[in-house]
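So the chains spell out like this:
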Amino acid sequence: MAPVVEIRSVTKKFGDFAALRGVDLDINEGEVVALIGASGSGKSTLCRCINRLETITSGSIKIDGKELPEEGKELAQLRAEVGMVFQSFNLFAHKTVLENITLAPRKVRRISADATQQKARELLARVGLSEKENAYPHELSGGQAQRVAIARCLAMEPKIMLFDEPTSALDPETITEVLDVIGKLAQSGMTMLVVTHEMGFARHVADRVVFMDHGQIVEQGKPGEFFAHPRTDRAKDFLSKVLNH
């Protein structure tokens, strides 16, 4: 079976700077891939290229066997298939939690208001926020806002979810509640790429760890093997810094 995401020889340049240099990566259906590495290693750029928030300089990215469209309706359709959760929650400040979750399914998928509201309430229950449906974003903690952002993505029933450092803007006490939700999603079989600096999460929830450095994938493998026996000096050096921090 073809992978959900196929990335081949992808390069991304910002002027003279190459943020990605010849990246190859497949993500299979139901797989949770943790993307780790030091700041500036290209993790977030790769994540943003997968749903075309950044255009690639060369190479190819396919979702479900189809090349990423350039623009227009096809691109909007692709973004509906690829859920993205950012560091900052990007909720609409003037809309309630329920309105934030139902907006895209109504506008993009043309689903009825009743059906989208019912689905939104189910998703709020799933992320532990049923009591917050009428709250506005400014009334939520960071962890709650991020869980709403996850529910909003799930409302579109995406084929894959991309998480770009989903806990980096959170207080330590709210990180766990967000990681728990992502962990439950993993158990449910959702295909996910998670850019993270939470090594415990990468070790215990991911099916595969991909380590990037200077815009390239240096090493990848099963979490147990990668954390216990990194093969490259760069991975060993990175792990010795983050695990002894």
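Residues numbered from 1 in each chain as written. Predicted model: local features only at pLDDT ≥ 70, side-chain atom pairs only at ≥ 80, totals over all residues. Heavy atoms only, no water.

J.: Quick question: what am I supposed to make of the state of the cysteines here?
T.: Simply put, disulfide is the name for a covalent bond between the sulfur atoms of two cysteines. As enumerated under the stated definition, the model contains 0 disulfides in all. Cys49 takes part in no disulfide bond, and the closest cysteine sulfur to it belongs to Cys47, at a distance of 9.5 Å. A relative accessible area of 0% places Cys49 in the buried class. No disulfide involves Cys153; its sulfur sits 11 Å from the nearest other cysteine sulfur, which is in Cys47. (Disulfide = S-S within 2.5 Å. Buried < 20%, exposed > 50% of the residue type's maximum accessible area, 1.4 Å probe, protein only.)

J.: In this structure, what is going on with the layout of surface pockets? I would like to understand it.
T.: Unoccupied space between atoms shows up once a probe the size of one water molecule is rolled over them. Each pocket or cavity is described by its volume, and for the largest pocket that value is around 510 Å³. Among the elements that make up the lining of the largest pocket, the one with the highest residue count is helix H3 (residues 97-107) (4 residues). Its residues placed into classes, the lining of the largest pocket shows 13 nonpolar, 4 polar and 3 charged. Within this model, the second largest pocket holds a volume of roughly 240 Å³. Lining the second largest pocket, in full, are Ile63, Asp64, Lys66, Glu67, Pro69, Glu74, Gln77, Leu78, Glu81 and Lys159. If you list the elements that add at least two residues to the lining of the second largest pocket, you get strand E5 (66-67) and helix H2 (72-81). Here the residues of the lining of the second largest pocket are counted per class, giving 3 nonpolar, 1 polar and 6 charged. (1 Å grid on protein atoms, 1.4 Å probe; cavity = no way out; pocket = protein on both sides within 12 Å on 5 of 7 lines; lining within 4 Å. Points joined across faces, edges and corners; volume = space filled by probe spheres on them. Helix = DSSP H or I, 4+ residues; strand = E, 2+ residues; numbered from the N terminus. Nonpolar A, V, L, I, M, F, W, Y, C, P; charged D, E, K, R; others polar.)

J.: Before we go on, may I ask you to explain the packing of aromatic side chains in this structure?
T.: The relation between two aromatic rings is expressed through the spacing of the ring centres and the mutual angle of the planes. Overall, the coordinates contain 3 aromatic pairs when judged by the stated rule. Seen in terms of ring centroids, Phe211 and Phe226 are 6.3 Å apart; in terms of plane orientation they differ by 40°. Their pairing is tilted. Of this pair, Phe211 sits in strand E9 (residues 208-213) while Phe226 sits in helix H8 (residues 223-228), and the two are 15 residues apart along the sequence. Both residues of the pair, Phe211 and Phe226, belong to the buried class. Measuring from centroid to centroid gives 5.2 Å for Phe211 and Phe238, while their planes differ by 35°, and the two rings are tilted. Of the two residues, Phe211 sits in strand E9 while Phe238 sits in helix H9 (residues 233-243), which places them 27 residues apart along the sequence. Three or more aromatic residues joined by ring pairs form one cluster here, namely Phe211, Phe226, Phe227 and Phe238. Taking NZ or CZ as reference, Arg203 lies 4.7 Å from the ring centre of Phe227, over its face. (Phe/Tyr/Trp six-rings, centres within 6.5 Å; stacked < 30°, edge-to-face > 60°. Lys NZ or Arg CZ within 6 Å of the ring centre and 35° of its normal.)

J.: Hey, could you run me through the nonpolar core in this one?
T.: A general feature of soluble globular proteins is that nonpolar side chains tend to end up buried together. Counting 48 residues, the largest nonpolar core has Ile150, Met161, Phe163 and Met192 as its most contacted members. Those residues in contact with Ile150, other than ones at most four positions away along the chain, are Val85, Met161, Phe163, Val178, Val181, Ile182 and Leu185. Counting 28 residues, the second-largest nonpolar core is a separate cluster that includes Val23, Ile27, Val82 and Met84. (Core = buried A, V, L, I, M, F, W, Y, C linked by side-chain atoms within 4.5 Å. Contact = heavy atoms within 4.5 Å.)

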